[in-house]
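# Chains, contacts and geometry: an overview
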Number of protein chains: 2
Amino acid sequence: MLESNVRTDIAALGEFGLIQHLIDHFPTKQKTTVLGPGDDAAVLQRDSKTYGLLSTELWLEGVHFDLAFHPLKHLGFKLVVAGVSDILAMNGKPEQIWVNLGLSNRFSLEAVEELYAGIQIACEQYGLDLAGGDTTSSRSGLSLSIQAYGWVDKKKITKRSGAKPGDLLCVSGDLGGAYMGLQILEREKRVFAEHPDMQPDLEPYDYIVGRQLKPDARLDVIKHWEDLGVVPTSAMDVSDGVASELRHMAKLSGVGFDVYEEKLPIDPQTLDTAVSFDLNPSVVALNGGEDYEMVFTVAQSDYEKIHKHVDFSVIGHATELKDQIRLVTRAGSAFEVKAQGWPQTH
Amino acid sequence: MLESNVRTDIAALGEFGLIQHLIDHFPTKQKTTVLGPGDDAAVLQRDSKTYGLLSTELWLEGVHFDLAFHPLKHLGFKLVVAGVSDILAMNGKPEQIWVNLGLSNRFSLEAVEELYAGIQIACEQYGLDLAGGDTTSSRSGLSLSIQAYGWVDKKKITKRSGAKPGDLLCVSGDLGGAYMGLQILEREKRVFAEHPDMQPDLEPYDYIVGRQLKPDARLDVIKHWEDLGVVPTSAMDVSDGVASELRHMAKLSGVGFDVYEEKLPIDPQTLDTAVSFDLNPSVVALNGGEDYEMVFTVAQSDYEKIHKHVDFSVIGHATELKDQIRLVTRAGSAFEVKAQGWPQTH
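## As for the overall build of chain A
Looking only at helices and strands, chain A has 10 helices and 14 strands in total. In summary, chain A has a C-alpha radius of gyration of 21 Å against a globular reference of 20 Å for 346 residues, a match within 12%. Projected onto the principal axes, the alpha-carbon positions of chain A cover approximately 55 × 55 × 50 Å. Sequence-distant contacts, at least 24 apart, represent 83% of the contacts inside chain A between residues at least 6 apart.

## A few points about the sheet that holds strand S12 (residues 312–319) of chain A
In a beta sheet, neighbouring strands pair by backbone hydrogen bonds and run either parallel or antiparallel. Residues and elements named next belong to chain A. Strand order in the open sheet formed by seven strands is S9-S11-S8-S12-S10-S13-S14, and the pairing between neighbours is mixed. Unpaired on one side and paired on the other, strand S9 (234–237) and strand S14 (334–336) mark the two borders of the sheet. On average, each strand axis in the sheet is inclined to that of its neighbour by 25 degrees, with strand direction left out of account. Relative to strand S11 (residues 294–298), strand S8 (residues 168–172) runs antiparallel, the two being bridged by four bridges. Bridged to Cys170 within S11 is Phe296.

## Quick word on the pairing of strand S2 (residues 42–45) of chain B
It is a general feature of regular strands that their side chains alternate between the two faces of the sheet. Residues and elements named next belong to chain B. Relative to S2, strand S1 (residues 33–35) runs antiparallel, the two sharing two bridges. Its bridge partner lying in S2, Thr33 is registered against Leu44. A loop of six residues connects S1 with S2, the two strands running antiparallel in sequence, and Gly38 in this loop sits at a positive phi of about 120 degrees. Both S2 and strand S3 (residues 50–60) contribute to a ladder of four bridges, which runs antiparallel. The residue of S3 that forms the bridge with Ala42 is Leu54. The loop that links S2 with its antiparallel partner S3 comprises four residues.

## Quick notes on the relation of the copies chain B and chain A
For the pair chain B and chain A, the relating rotation is 180 degrees, the translation along its axis is 0.0 Å, and the fit reaches an RMSD of 0.0 Å. Viewed as a symmetry operation, the transformation between the two copies matches a two-fold axis. The residues that chain B uses at the interface reappear at the interface of chain A in 100% of cases, marking a shared surface.

## Re the sheet that holds strand S10 (residues 256–260) of chain B
All names here are of chain B. Across the sheet, seven strands lie side by side as S9-S11-S8-S12-S10-S13-S14; this open sheet has mixed pairing. Whereas interior strands pair on both sides, the edge strands pair on one side only; in this sheet they are strand S9 (234–237) and strand S14 (334–336). Averaged over all pairs of adjacent strands, the angle between strand axes in this sheet comes to 25 degrees, irrespective of strand direction. As judged from the four bridges shared by S10 and strand S13 (residues 325–328), these two strands associate in the parallel manner. Along S13, the bridge assignment pairs Val259 with Leu327.

## Thoughts on the nonpolar core
One recurring pattern in soluble globular proteins is that nonpolar side chains are buried together. Ranked by size, the top nonpolar core spans 208 residues in total, and within it Leu53 and Val80 of chain A together with Leu53 and Val80 of chain B carry the most contacts. In this structure, Leu53 of chain A is in contact with Ala41, Val43, Ile87, Met90, Gly92, Tyr149, Gly150, Trp151 and Val152 of chain A, ignoring residues within four places of it in sequence.

## Some words on unusual backbone geometry
Residue and element names in this part refer to chain A. Notably, Asn91 is not glycine yet its phi reads approximately 65 degrees, a positive angle. Inspection of the secondary structure puts Asn91 in the loop between helix H2 (72–88) and strand S4 (93–103). On the basis of neighbour counts, which here come to 24 C-beta atoms within 10 Å, the residue Asn91 falls in the buried class.

## With respect to the confidence of the model for chain A
Summary statistics for chain A give a mean pLDDT of 93 and a share of 96% for residues scoring 70 or more. Note on residues 341–346 of chain A: pLDDT under 50 across the span, and eight contacts to partners over four residues away in sequence or across chains.

## Comments concerning the pairing of S3 of chain B
Residue and element names in this part refer to chain B. Of all 11 residues making up S3, 11 are buried, and the element is well covered by its neighbours. Neither face of S3 is open: one carries Thr50, Gly52, Leu54, Thr56, Leu58 and Leu60, the other Tyr51, Leu53, Ser55, Glu57 and Trp59, and all of them are buried. Sheet topology places S3 next to strand S7 (residues 143–153); 11 bridges connect them, and they run antiparallel. Along S7, the bridge assignment pairs Thr56 with Gln147.

## What to know about the interface of chain B and chain A
In this complex, chain B contributes 71 residues to the contact, which on the side of chain A involves 71 residues. Elements with a minimum of two residues in the side of chain B that touches chain A: helix H1 (14–23), S2, S3, strand S4 (93–103), helix H3 (109–126), strand S5 (129–132), strand S6 (135–137) and S7 of chain B. A total of seven residues in the side of chain B that touches chain A trace back to one element, the largest contributor, which is H3 of chain B. The residue inventory of the side of chain B that touches chain A, partitioned by class, reads 31 nonpolar, 28 polar and 12 charged.

## Considering the domain arrangement of chain A
Residue and element names in this part refer to chain A. Taken domain by domain, chain A holds domain 1 (35–156) and domain 2 (168–336). Taking only C-alpha atoms into account, the centre of domain 1 sits 22 Å from that of domain 2. Domain 1 puts 18 residues into the contact, and the matching count from domain 2 is 20 residues. A breakdown of the residues in the side of domain 1 that touches domain 2 according to their chemical character gives nine nonpolar, five polar and four charged.

## Considerations on helix H6 (residues 219–228) of chain B
Residues that lie three or four places apart on an α-helix share one face, since the helix turns once every 3.6 residues. Residue and element names in this part refer to chain B. All of the buried residues in H6 are Val221, Ile222 and Trp225. Looking straight down H6, one finds that the buried residues subtend no more than 100 degrees of arc, so they occupy a single side. Residues Lys223 and Asp227 are exposed on H6 and point more than 90 degrees away from its buried face. Tucked into the core, H6 has its buried residues touching helix H2 (72–88), strand S8 (168–172) and strand S11 (294–298).

## With respect to the packing of helix H4 (residues 177–194) of chain B against helix H5 (residues 206–213) of chain B
Residue and element names in this part refer to chain B. Between H4 and H5, the shortest axis-to-axis distance is 7 Å and the interhelical angle comes to 100 degrees. The orientation of H4 relative to H5 falls into the category roughly perpendicular. Side by side, H4 and H5 meet where Gly177, Ala178, Met180, Gly181, Leu182, Ile184 and Leu185 of the first sit next to Tyr207, Ile208, Val209, Arg211 and Gln212 of the second. Grouping the amino acids of the contact of H4 with H5 by side-chain chemistry returns eight nonpolar, three polar and one charged.

## Quick word on the packing of helix H4 (residues 177–194) of chain A against helix H8 (residues 268–276) of chain A
Residues and elements named next belong to chain A. As a packed pair, H4 and H8 sit with axes 9 Å apart at the nearest point and diverge in direction by 50 degrees. Accordingly, the angle class assigned to the pair H4 and H8 is oblique. Taken as a pair, H4 and H8 cross one another with a handedness that is left-handed. Residues Gly177, Met180 and Ile184 of H4 form the contact with H8, whose participating residues are Thr270, Thr273 and Ala274. A breakdown of the residues in the contact of H4 with H8 according to their chemical character gives three nonpolar, three polar and no charged.

Procedures and definitions
- Residues numbered from 1 in each chain as written.
- Chains lettered and ligands numbered in written order.
- Predicted model: local features only at pLDDT ≥ 70, side-chain atom pairs only at ≥ 80, totals over all residues.
- Helix = DSSP H or I, 4+ residues; strand = E, 2+ residues; numbered from the N terminus.
- Rg over C-alpha atoms; globule rule 2.2 N^0.38 Å.
- Contact = placed C-beta atoms within 7 Å.
- Pairing = 2+ DSSP bridges.
- Axes fitted to C-alpha atoms, helices over the stretch in contact; angles between N-to-C directions.
- Least-squares fit on C-alpha atoms with pLDDT ≥ 70 in both.
- Core = buried A, V, L, I, M, F, W, Y, C linked by C-beta atoms within 7 Å.
- Buried ≥ 20, exposed ≤ 12 C-beta atoms within 10 Å, placed from the backbone.
- pLDDT = per-residue confidence, 0-100.
- Nonpolar A, V, L, I, M, F, W, Y, C, P; charged D, E, K, R; others polar.
- Domains from an automatic or database assignment.
- Arc of directions from axis to C-beta.
- Parallel < 35°, antiparallel > 145°, perpendicular 65-115°, else oblique.
- Left-handed = near helix turned anticlockwise from the far one by under 90°.

Here it is as structure tokens:
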């Protein structure tokens, strides 16, 4: 039954194209569905003042993680971070998670306990309840899915679709570290395969390796927004990379974005490592995923509140040039940031 | 990092033992978590009169389904049924689902469209919105997870834990059909492997094969309860098999159950096929999974309302013999129904 006269390769559409293609056939029927697919989390009616928020992710071994260098405890922690980060990106408060687990018989009870120890640490750190999940055997490898539920004040929800031309584009923390950490871990894995007696020295890369293996969920960013009296006009978390997130925000908001290269927040270790790998640090900052920082827009009138905050960087602004994401270089030239294949000539 | 001095095989605990072992370390912290792991769905605060309900399942190729005989369209439909059935088992109204999809490159766009066509038919039939999901590549096989969200009137919630000694034990529909359908499909698969020129004739088995490939979610059962003015004292859906579900209900309610063999509702096709496979039909009815019927208890005072309903069977009652599930045979003997390994001598 997998046969058919026509066979279209899914790669031709890409992940986002596939999702869009599939959900086109699903009209919304329930009045409790405030917002369906397409944002960081679905938005549900909850009570007169708040919405419920639900997000879900599927992580498969060999695609999302490599157990050669992802310790199971860290993996459990990171899975929770990825789940709740989507709730935070809606300016929501995450409160419950569910974890589904598919295990092949190569995993012992002690291995699963390690995974759950990481999940437990994340639950304690972020004040979450593990509210359920499904556990099953698998034919091969480790399959994980995480669901996160939270809520948001109706007046403070931050969707992807609210950016207006002139709004300031901001990010929390710094960018590209998790991606460069992954490059280091993959390099050390190759070295170890060839020279099993060599012990990797990851200490010079402690920050970026930590960004890859044990990222933080930015609950503090939501708190900062509240303390500063700012409600972003749009927001996303940085999971696929800022450039990818900006394309989503641009499309749904009907705007474009100009990003100033000199404003991109890049940690010195990320920068040095990128250079040593012969990678352009700005490309790394724009396209590197898994930082779980927040990328968001605010009205210009909020500039004073935002720009002084040590954890936020204003990196550009929204424009009227729909769907155009441009990088303005230090020299003042503007390059269009293309999907994935950003020009190598830059 | 999968190495450790101690290695305990997960099979030693079993799925439920593993889950219990893992969640023991997770205390509930949020007051919005009304009920965490251990029931068909988690129960969340929603508004003053209703609870939110969330359930999730993970289905992996080769474990939960065999694409040699599960058409993708039917599989999509059945996945939704399994998801919403857990909401129904709490006497809840399912309204949203999320589907996560991990696909290897052997799946074409047309194959995924078939899967989603089945999901869409289920959404239309049951009035559900597809509110989101995650789509990713996989190294091998098809991974699916379903999340379902719904709500229930606080006064009408049916947990696993509410059965009291003397309550009547009831089921909707009939039992064991999906299991016998699976036996037929697996037999035909073996025959086809040996004789590829033989076309299987499934027509004599249309009902039980349909029970396996395209079960119904019993939204009508919830409606019947409402129309009859009955709120069950406990309920579960039949996914692992009645005997397994009764063990959960017994444990959480602090009761036992006596089941009367002669009262077990078994379709003639299920019965005939069981006999032709040299299987005891009562064992099939008790241990066969995936019927997605409702097993529930009601107060004795509701007997008149329930026993006349054509779709419900009263099959026994709750007893004070904690955790003892007994089958009372036609001859009047009572056998204890052991976990999985129910005595072959019966």
